[in-house]
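Architecture at a glance
Here is what each chain is made of, one letter per residue.
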Amino acid sequence: MTPLPAAAALDQFFLDARSKLLETAAIFDRIGRGAGAEAAAADPRAAKLRRAVEALLGDAPNKAELLQQIFSMAYDPEWPRPSPRF
């Protein structure tokens, strides 16, 4: 499959990206303004959000993969497989 030319990708996805970035900024604002913001900043989920933003600002070509790894649990080969319900 041939990748979409960069200019076409920018044309096609700019408004979606802008919207999602504004929404993300608003979420960070709500967290920062809320009561107990200092405690929330120490929450591991907040650290993952910060790491994700740092990954987006980096030069890596595989940003989606990096974000998926940040928000995923590490692979555990001993994880019990679910049994059938019936």
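Treat the numbers as computed from the prediction; the structure is a model and nothing was measured. (Residues numbered from 1 in each chain as written. Predicted model: local features only at pLDDT ≥ 70, side-chain atom pairs only at ≥ 80, totals over all residues. Heavy atoms only, no water.)

**A few points about the overall build of the chain**
When its secondary structure is counted, the chain shows four helices and zero strands. What you see for the chain is a C-alpha radius of gyration of 18 Å, clearly larger than the 12 Å of a compact globule of 86 residues, by over 25%. Over its C-alpha atoms, taken along the principal directions, the chain stretches across nearly 50 × 45 × 30 Å. The 86 residues of the chain split such that 7% are buried. Here the chain has roughly 7,900 Å² of accessible surface; of this, 62% comes from carbon and sulfur atoms. (Helix = DSSP H or I, 4+ residues; strand = E, 2+ residues; numbered from the N terminus. Rg over C-alpha atoms; globule rule 2.2 N^0.38 Å. Buried < 20%, exposed > 50% of the residue type's maximum accessible area, 1.4 Å probe, protein only. Areas by Shrake-Rupley, 256 points an atom, 1.4 Å probe, with all protein chains shown as cover.)

**Some points on a nonpolar patch on the surface**
On the surface, I27, F28, I31, L49, V53, L57 and F71 cluster together into a nonpolar patch covering about 570 Å² of accessible area. Of all elements in the fold, only α1 (6-33) and α3 (44-57) reach the threshold of two or more residues within the nonpolar patch. (Patch = residues over 30% accessible without salt bridge, like charges linked within 9 Å, V, L, I, M, F, W, Y side chains within 5 Å. Salt bridge = Lys/Arg side-chain N within 4 Å of Asp/Glu carboxyl O.)

**Some details on α3**
For α3, built from 14 residues, the straight-helix expectation of 20 Å at 1.5 Å per residue is met to within 8% by its first-to-last C-alpha distance of 20 Å. On its buried face, α3 sits against α2 (37-41) and α4 (63-71). The N-cap of α3, judged by a side-chain oxygen 2.7 Å from the amide nitrogen of R45 a few residues on, is D43. (Expected span 1.5 Å × (residues − 1). Contact = heavy atoms within 4.5 Å. Polar contact = N/O pair within 3.5 Å; in protein donor to acceptor, adjacent residues only side chain to side chain.)

**Some thoughts on the packing of α3 against α4**
Contact geometry of α3 with α4 gives a least axis separation of 10 Å together with a crossing angle of 165 degrees. Accordingly, the angle class assigned to the pair α3 and α4 is roughly antiparallel. Regarding α3 and α4, the two cross each other, and that crossing is right-handed. Counted together, K48, L49, R51, A52, A55 and L56 of α3 and K63, L66, L67, I70 and F71 of α4 form the full contact between these two elements. (Axes fitted to C-alpha atoms, helices over the stretch in contact; angles between N-to-C directions. Parallel < 35°, antiparallel > 145°, perpendicular 65-115°, else oblique. Left-handed = near helix turned anticlockwise from the far one by under 90°.)

**So, the pattern of salt bridges**
Using the criterion set out here, one finds one salt bridge in the structure. Here R45 and D43 are joined by a salt bridge, their closest N and O atoms 2.9 Å apart.

**Looking at the environment of D43**
In this fold, D43 is placed in the loop between α2 and α3. For D43, a relative accessible area of 22% gives the class partly exposed. Here R45 takes part through its backbone nitrogen, which lies 2.7 Å from a polar atom of the side chain of D43.

**Observations concerning the environment of D76**
Within the secondary structure, D76 sits in the segment after α4. The spatial distance from the C-alpha of D76 to the C-alpha of F13 is 36 Å, given a sequence separation of 63 residues. At a separation of 2.9 Å, a polar atom in the side chain of D76 contacts the main-chain amide nitrogen of E78.

Purely geometric stuff here, so don't read any function into it on its own.
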